Amino acid sequence: MPMYNPKIESMKADEIRKLQEERMVKMVRYAYERVPMYKKRFQEKGIGPDDIKSLEDVHKVPFTLKNDLRDHYPYGILAVPVTEVVRFHASSGTTGTPTVVSYTKHDMDVWTNNMARAYACAGATPNDIVQNAYGYGLFTGGLGFHYGAERLGCAVVPTATGNTKRQLQMMKDFQTTVLCCTPSYATFLGEAAKKAGMDPLKDLSLKVGMFGAEPWSNEQRKHIQDTLGLRAIDNYGMSELYGPGVAVECEHQNGLHIWGDEFYVETIDPDTGEVLEPGKKGEMVITMLTREAMPLLRYRTKDICVINWEECECGRSHPKIMRITGRSDDMLIIGGVNVFPSQIESVLLDTPGIGDQYQIIVDRALLDSLYVKVEVAPEAWNAPGFNKDALAKKVGENLTAVLTLRAKVELMEPGALPRTEGKAKRVIDLRKE
Ligand SMILES: [Zn+2]
């Protein structure tokens, strides 16, 4: 698959490191001199930009947290006059104050290039027709995927979210080859296509899916690929880090390439903040290396993953995220055991007869055991002699075997759980309501 920017994308690890070092030293000084919050943080630690001379010194740089963005709403982290900003995005603030991100012309250019690289890395070419079913607006998904596809030279169909019937009709009529949306919406589209009497493998022309914005498992990936007849590519990003386009899988689907010329990645122990060696599982921390409008030094993503620096078969040596295994703030503690929703999903989808829609209910009364509602697969539900109790028992046993936890399982009829066009709500925490 041709690279969008072969000069940068095929750099070797030592060349990437060298570029990262130059950019890091410059960025630390830039943030210190232009953003009062950073100057204050450095001074509190008794250090200045002169103390960061190489990548070896990065561990001294103070972390940036999501709350820092909220506390400086809306313009507090700006490193340029607001007149130089060409775009704002904002995340819906579940806690009240939204987090605002800002972009200069340079930042827009970098972001768009990162996205063009992501499409090419996933196997898209300028000949593709891209249907973008991410939300357009303050959320970065829609416009990020939109401009990246245009830059690569694809034709974009900006359907945005919703109106599933029209999505499917256009996908068929336009012979869409690349689909962009959340993995849960891709699953939903596959089900809706079948319900509408369509055979996605015959009636549609899809070849690549650019999926992201929520965690998903390999089992869910396989299901989407089999249903829609495309290669389902995992994408990573977050609005604080421009948006989508931070990291993406290549055709080998073995880890997500992080663009190391733009993002410096570390993993830390989430409790102590100590930097871990590559290959050790920890919280991912990212420094943006060239961002002008809103520098972010050592941003704590809360995502738990493993980072590898091995050259990939595709010819890229940029570091890889070996799939996100959970978020430190998603982690549930049930009966004293740490459980990630992704582990539960993996057990459910590995159990024959189980569908791919589920909910994990967390309740104070159930703190010593797991409570899962999960749909039965339609084939199993409609099969003669279907034994609901036996299947529920089997699911419970599988969960207990993997998670070492007691599990209460409630099997639901196919289609019984609420569907969503955005991020699926998998964990219902009754303790917070
Ligand atoms: Zn690769």
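Note that the structure is a prediction, hence the values are computed from the model and not measured. (Residues numbered from 1 in each chain as written. Predicted model: local features only at pLDDT ≥ 70, side-chain atom pairs only at ≥ 80, totals over all residues. Heavy atoms only, no water.)

A. Molecular detail of the overall build of the chain. Scanning the chain for helices and strands turns up 13 helices and 21 strands. The C-alpha atoms of the chain give a radius of gyration of 22 Å, which matches the 22 Å a tight globule of 433 residues would have. Counting only C-alpha atoms and orienting by the principal axes, one finds that the chain spans roughly 75 × 50 × 40 Å. Of the contacts formed within the chain by residues at least 6 apart in sequence, a portion of 67% connects residues at least 24 apart. For the chain, the exposed area adds up to about 19000 Å²; of that, 51% sits on carbon and sulfur atoms. For the chain, the centre of its 53 positive side-chain charges and the centre of its 58 negative side-chain charges are spaced 2 Å apart. (Helix = DSSP H or I, 4+ residues; strand = E, 2+ residues; numbered from the N terminus. Rg over C-alpha atoms; globule rule 2.2 N^0.38 Å. Contact = heavy atoms within 4.5 Å. Areas by Shrake-Rupley, 256 points an atom, 1.4 Å probe, with all protein chains shown as cover. Lys, Arg positive; Asp, Glu negative; His and termini not counted. Charge placed at Lys NZ, Arg CZ, Asp CG, Glu CD.)

B. Layout of the packing of aromatic side chains. Considering all chains together, one arrives at ten aromatic pairs under this definition. Look at Tyr 32 and Phe 42: their rings are 5.7 Å apart centre to centre, the planes differ by 90°, and that puts the pair in the edge-to-face class. Separated by ten residues along the polypeptide, Tyr 32 in helix H2 (residues 13–34) and Phe 42 in helix H3 (residues 36–44) bring together distant segments of the chain. On the basis of relative accessible area, Tyr 32 is assigned to the buried category, the value being 15%. Where Phe 211 meets Trp 216, the ring centres are 5.9 Å apart and the plane angle is 80°; that geometry is what we call edge-to-face. Classification of Phe 211 by relative accessible area gives buried; the value is 0%. Chaining the aromatic ring pairs together yields one cluster made of Tyr 103, Trp 111, Tyr 242 and Phe 263. One Lys or Arg, Arg 221, reaches over the ring of Trp 216 and ends 5.5 Å from the middle of that ring. Over the ring of Tyr 371 we find Lys 408; its NZ or CZ atom is 4.1 Å from the centre of that ring. (Phe/Tyr/Trp six-rings, centres within 6.5 Å; stacked < 30°, edge-to-face > 60°. Buried < 20%, exposed > 50% of the residue type's maximum accessible area, 1.4 Å probe, protein only. Lys NZ or Arg CZ within 6 Å of the ring centre and 35° of its normal.)

C. Expanded view of the pattern of salt bridges. Taken as a whole and assessed by the stated rule, the structure comprises 19 salt bridges. Lys 66 is the partner of Glu 240 in a salt bridge, and the nearest nitrogen-oxygen pair spans 3.2 Å. Residue Glu 240 is found in the loop between strand S7 (231–238) and strand S8 (243–249), and its partner Lys 66 is found in helix H4 (residues 66–71); the two are separated by 174 residues along the sequence. Classification of Glu 240 by relative accessible area gives buried; the value is 5%. A salt bridge links Arg 300 to Glu 283, with the shortest nitrogen-to-oxygen separation between them at 2.7 Å. (Salt bridge = Lys/Arg side-chain N within 4 Å of Asp/Glu carboxyl O.)

D. Unusual backbone geometry, seen in detail. Pro 74 follows Tyr 73 through a cis peptide bond whose omega is -10°. Here Pro 74 shows up in the loop between H4 and strand S1 (85–91). Even without being a glycine, Ala 160 presents a positive backbone phi close to 60°. Here Ala 160 is to be found in the loop between strand S4 (155–157) and helix H7 (164–173). Take Ala 160: its relative accessible area is 18%, and that puts it in the buried class. The residue Tyr 242 is not glycine, and still its phi comes out positive at about 75°. Here Tyr 242 is to be found in the loop between S7 and S8. Taking relative accessible area as the criterion, Tyr 242 reaches 1% and is therefore assigned buried.

E. How the structure looks around the pairing of strand S12 (residues 299–305). Judged by how many residues are buried, S12 sits mostly within the fold: six of seven residues are covered. Bridge count between strand S11 (residues 282–288) and S12: four bridges; the pairing is antiparallel. Looking across to S12, one finds that Val 285 is bridged to Arg 300. (Pairing = 2+ DSSP bridges.)

F. Structural detail: the packing of helix H8 (residues 183–195) against helix H10 (residues 218–228). Interaxial distance between H8 and H10 falls to 10 Å at its minimum, and their mutual angle equals 35°. Remark: the crossing between H8 and H10 carries left-handed chirality. In this structure, H8 contributes Pro 183, Ser 184, Ala 186, Thr 187, Gly 190 and Lys 194 to the contact, and H10 contributes Gln 220, His 223, Ile 224, Thr 227 and Leu 228. Across the contact of H8 with H10, the residue classes break down as four nonpolar, six polar and one charged. (Axes fitted to C-alpha atoms, helices over the stretch in contact; angles between N-to-C directions. Left-handed = near helix turned anticlockwise from the far one by under 90°. Nonpolar A, V, L, I, M, F, W, Y, C, P; charged D, E, K, R; others polar.)

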